[in-house]
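Residues per chain are reported as follows:
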Amino acid sequence: METPAAAAPAGSLFPSFLLLACGTLVAALLGAAHRLGLFYQLLHKVDKASVRHGGENVAAVLRAHGVRFIFTLVGGHISPLLVACEKLGIRVVDTRHEVTAVFAADAMARLSGTVGVAAVTAGPGLTNTVTAVKNAQMAQSPVLLLGGAASTLLQNRGALQAIDQLSLFRPLCKFCASVRRVRDIVPTLRAAMAAAQSGTPGRWRMVMLSSAGAEGLGTCCGLSVLPVPAGPVFVELPIDVLYPYFMVQKEMVPAKPRKGLVGRVVSWYLENYLANLFAGAWEPQPEGPLPLDIPQASLQQVQRCVEILSRAKRPLMVLGSQALLTPKSADKLRAAVETLGVPCFLGGMARGLLGRNHPLHIRENRSAALKKADVIVLAGTVCDFRLSYGRVLSHSSKIIIVNRNREDMLLNSDVFWKPQEAVQGDVGSFVLKLVEGLQGQTWAPDWVEELREADRQKEQTFREKAAMPVAQHLNPVRVLQLVEETLPDNSILVVDGGDFVGTAAHLVQPRGPLRWLDPGAFGTLGVGAGFALGAKLCRPDAEVWCLFGDGAFGYSLIEFDTFVRHKIPVMALVGNDAGWTQISREQVPSLGSNVACGLAYTDYHKAAMGLGARGLLLSRENEDQVVKVLHDAQQQCRDGHPVVVNILIGRTDFRDDSTSLRRGWRGQSSEMLPYELFDPPLHGPNCALCPLSYGD
């Protein structure tokens, strides 16, 4: 028999359970109210009569950030933002493949100093861009990718082209966000644009925060950018935040609600969900750029580097793409390097910084020079495969390295090399400060002359190679020498290919800063048309010369339709040797088969003519007219026509030992680096067969 004392606790369970149930119900109601923005709607009403749409907010932010072009392949998910951009004077350039749109945005970013912007539709439209986004990440290009998406209400419910796009792009992008309400478009895009240009472009990632008020770069709507490795920037724009209220209402809220309690609850939920999407949508918000966070070297670090360099006898500088992340400072950087007087190797976007045949620009025998130097400044250059992971650096040399990103800066420093000074900061600004501290400092001229003499010996070898006959068609070395002689001072070179481009990297020199565009560290084929598109739009007065291998040209051929439609005159020189020669050089002698390496001497010039462009042919039949044909192509470009010059070339031994497989065994990738950089080198320091790096 229970005692009263024992029964008391049992009797108190009901009030406790009731309290718990009430608390749970209140929490659920508050959660629903927050999700539906019921409290926000009390202060911010919805203009149900407005025909405005979210695309207008997107366009307003882009215009406020100085964006003049947006590259796209149209899709219904993104139509409103394209229409709005056109109305605000932002030129919409549509391509035939989404990957080209992102490559074009990449080139625009590299040359203009603003963020390059591409917009593509949901699902397959976005997945088509993955290679270009990864290339932009590896090249550290500030690119904004705008992606359409299924309605916020229908995501994860089997909607058309609906996939988890954020999961796909988080490993590639510095900042990833999905806009859930129209009022969030402006702050999210401002944060994305700031992230794209701050820190190390290509090396930040978005994280979700529990509190919208958290501090940090680009903090808004619960988003913040933190300095951890990843890619460019991606903003997902679901279809219901881009279209006007009346259209979304028509699709989201049934005209005849279901009867009964459940029907009324569903209708109430949908109406409030819709109201939350558009509440406060058209209230004024700041649209302009947020402050950028660009790391700078400290005065103490600069002073230590000044002291190290002041004691050098044989200093050497290797400048990479990061030095030109702020394109508008290119002329100042060039003047600073000339004032410094230290011989330089230039890679990536830094190629051409000193113009053509500058006495401080050393082009050949980088491995031997690095071994002899007593102080080496790696300015925006990474010790990855391009510098044989640091093995090419002498242990007796004092190494100064400067980079915006600490991980890149110290890559492999625990294995093959060790810096004397590691400076995390903007490369261009660092060089300017270095020059200020070394004013009046000079170095023995015999050091530069020693390096220049090695260059002259290589150039003599190239001339001998150009004079050698080939079994059929034209000698590519001779053709490229004539290209070098014909190339005007206002030209921009876009390179896309393997064997032909690897040869061109030795022989064709960019005429000035920001006049050479290659894919970068990823070694991507297919960048040519997109890079040419972005370059010509960014620099309309420049002649854009594209050097293609015939294999790589297959990716870009259809985009001559784009060039014709948009009246964008560029000139493509296709080195047509009827094969994937970079691979064939190794595969045939090593494995005894040319399987999958053979192409045909295709009439690419006629294919271009079929797309509305102009086409010219160079072969042995008119080998004495190479310069004339090049001048004809130039004139047709000046008349407003895109041109393809199909150059039938034979095979030489110029690059017989420059093969992808042997690079792969040694950690190489694509055609990005001289073989002479390996330790031990595969050839002697003056070997004419080693390809010149056209990466950093």
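This one's a predicted model, so the numbers in the text were calculated from it and none came from an experiment.

Engineer: What is the right way to read empty space enclosed by the protein from this model?
Structural biologist: Taking a probe equal in size to a water molecule and rolling it over the atoms shows the remaining empty space. Under the defined criterion, the tally for this structure stands at four cavities of 30 Å³ or more. Space inside the second largest cavity adds up to approximately 70 Å³. What lines the second largest cavity is simply P476, D499, F500, T503, D577, T581, R585, I649, G650, R651 and T652. Those elements that place two or more of their residues in the lining of the second largest cavity are α20 (499-507) and α24 (581-591). Along the lines of polarity and charge, the residues of the lining of the second largest cavity split into three nonpolar, four polar and four charged.

Engineer: I would appreciate a short explanation of the pairing of strand β11 (residues 375-379) in the present structure.
Structural biologist: Side-chain direction in a regular strand flips from residue to residue, so the side chains alternate between the two faces of the sheet. Among the five residues of β11, five are classified as buried, and the element is accordingly described as predominantly covered. Of the two faces of β11, the one lined by V375, V377 and A379 and the one lined by I376 and L378 are each fully buried. Inspection of the sheet shows strand β9 (residues 315-319) paired to β11 by five bridges, in the parallel sense. Residue V318 lies in a different strand from β11, and its bridge partner there is L378.

Engineer: When you look at the confidence of the model for the chain in this model, what are you seeing that I'm missing?
Structural biologist: The predicted coordinates should not be examined in detail at positions where pLDDT is low. Within the chain, residue pLDDT values average 85, and 84% of them lie at 70 or more. Below pLDDT 50 for its whole length, residues 659-696 participates in 134 contacts with residues either more than four positions away or in separate chains.

Engineer: Help me understand the layout of surface pockets, please; the structure alone is not making it clear to me.
Structural biologist: Of the pockets and cavities examined, the second largest pocket occupies roughly 360 Å³. Around the second largest pocket, the lining is made up of 15 residues, and of these S151, L154, I239, D240 and E251 lie nearest the centre. A per-element tally of the lining of the second largest pocket places helix α11 (residues 245-252) first, with four residues. For the lining of the second largest pocket, the class distribution of residues is eleven nonpolar, two polar and two charged.

Engineer: I'm lost on the sheet that holds strand β5 (residues 175-178) in this one. Help?
Structural biologist: Sheets are built from strands paired through backbone hydrogen bonds, the pairs being either parallel or antiparallel. Judged by pairing direction, the sheet is parallel, and its six strands sit side by side in the order β2-β1-β3-β4-β8-β5 without closing on themselves. Each end of this open sheet is capped by a strand with a single partner; those strands are β2 (91-94) and β5. Strand-to-strand twist across the sheet, computed as the mean angle between neighbouring axes with direction ignored, equals 20°. When β5 meets strand β8 (residues 233-238), the two strands line up parallel, connected through four bridges. Counted as the bridge partner of C176 is F234 from β8.

Engineer: What am I meant to see in the environment of L393 here?
Structural biologist: Inspection of the secondary structure assignment puts L393 in the loop between β11 and β12 (398-403). C-alpha of L393 to C-alpha of I376: the two residues are 17 residues apart in sequence and 8.6 Å apart in space. Non-local contacts of L393, meaning those with residues more than four positions away in its chain, are made with L370, K371, I376, L378, C383, I399 and W417.

Engineer: Just to check I follow, could you spell out the pattern of salt bridges for this structure?
Structural biologist: Note that side chains of opposite charge can pair when their charged atoms are close. Following the criterion strictly, the structure yields 20 salt bridges and no others. K458 serves as the salt-bridge partner of E364, at 3.5 Å between the closest nitrogen and oxygen. With E364 in the loop between β10 (344-346) and α15 (366-372) and K458 in helix α18 (residues 445-467), the pair connects residues that are 94 residues apart, well separated along the chain. For E364, a relative accessible area of 3% puts it in the buried group. The salt bridge partner of R404 is D426, with a shortest N-O separation of 2.9 Å. With R404 in the loop between β12 and α16 (406-409) and D426 in the loop between β13 (421-424) and α17 (427-437), the pair connects residues that are 22 residues apart, well separated along the chain. Both residues of the pair, R404 and D426, belong to the buried class. Among the charged side chains, a salt-bridge network with shared partners connects D94, R96, D561 and R565.

Engineer: Any chance you could explain the nonpolar core here in plain terms?
Structural biologist: Within soluble globular proteins, side chains that are nonpolar generally end up buried alongside one another. If you look at the biggest cluster of nonpolar residues, it comprises 93 residues, and the most contacted ones within it are F71 and F430. Among the elements that make up this core, the one with the highest residue count is helix α6 (residues 98-112) (ten residues). Excluding residues that lie within four positions of it along the chain, F430 makes contacts with A297, V302, C305, I400, V402 and V423. With 46 residues, the next largest nonpolar core counts L146, F175, V235 and V248 among its residues.

Cut-offs applied
- Residues numbered from 1 in each chain as written.
- Predicted model: local features only at pLDDT ≥ 70, side-chain atom pairs only at ≥ 80, totals over all residues.
- Heavy atoms only, no water.
- 1 Å grid on protein atoms, 1.4 Å probe; cavity = no way out; pocket = protein on both sides within 12 Å on 5 of 7 lines; lining within 4 Å.
- Points joined across faces, edges and corners; volume = space filled by probe spheres on them.
- Helix = DSSP H or I, 4+ residues; strand = E, 2+ residues; numbered from the N terminus.
- Nonpolar A, V, L, I, M, F, W, Y, C, P; charged D, E, K, R; others polar.
- Buried < 20%, exposed > 50% of the residue type's maximum accessible area, 1.4 Å probe, protein only.
- Pairing = 2+ DSSP bridges.
- pLDDT = per-residue confidence, 0-100.
- Contact = heavy atoms within 4.5 Å.
- Axes fitted to C-alpha atoms, helices over the stretch in contact; angles between N-to-C directions.
- Salt bridge = Lys/Arg side-chain N within 4 Å of Asp/Glu carboxyl O.
- Core = buried A, V, L, I, M, F, W, Y, C linked by side-chain atoms within 4.5 Å.

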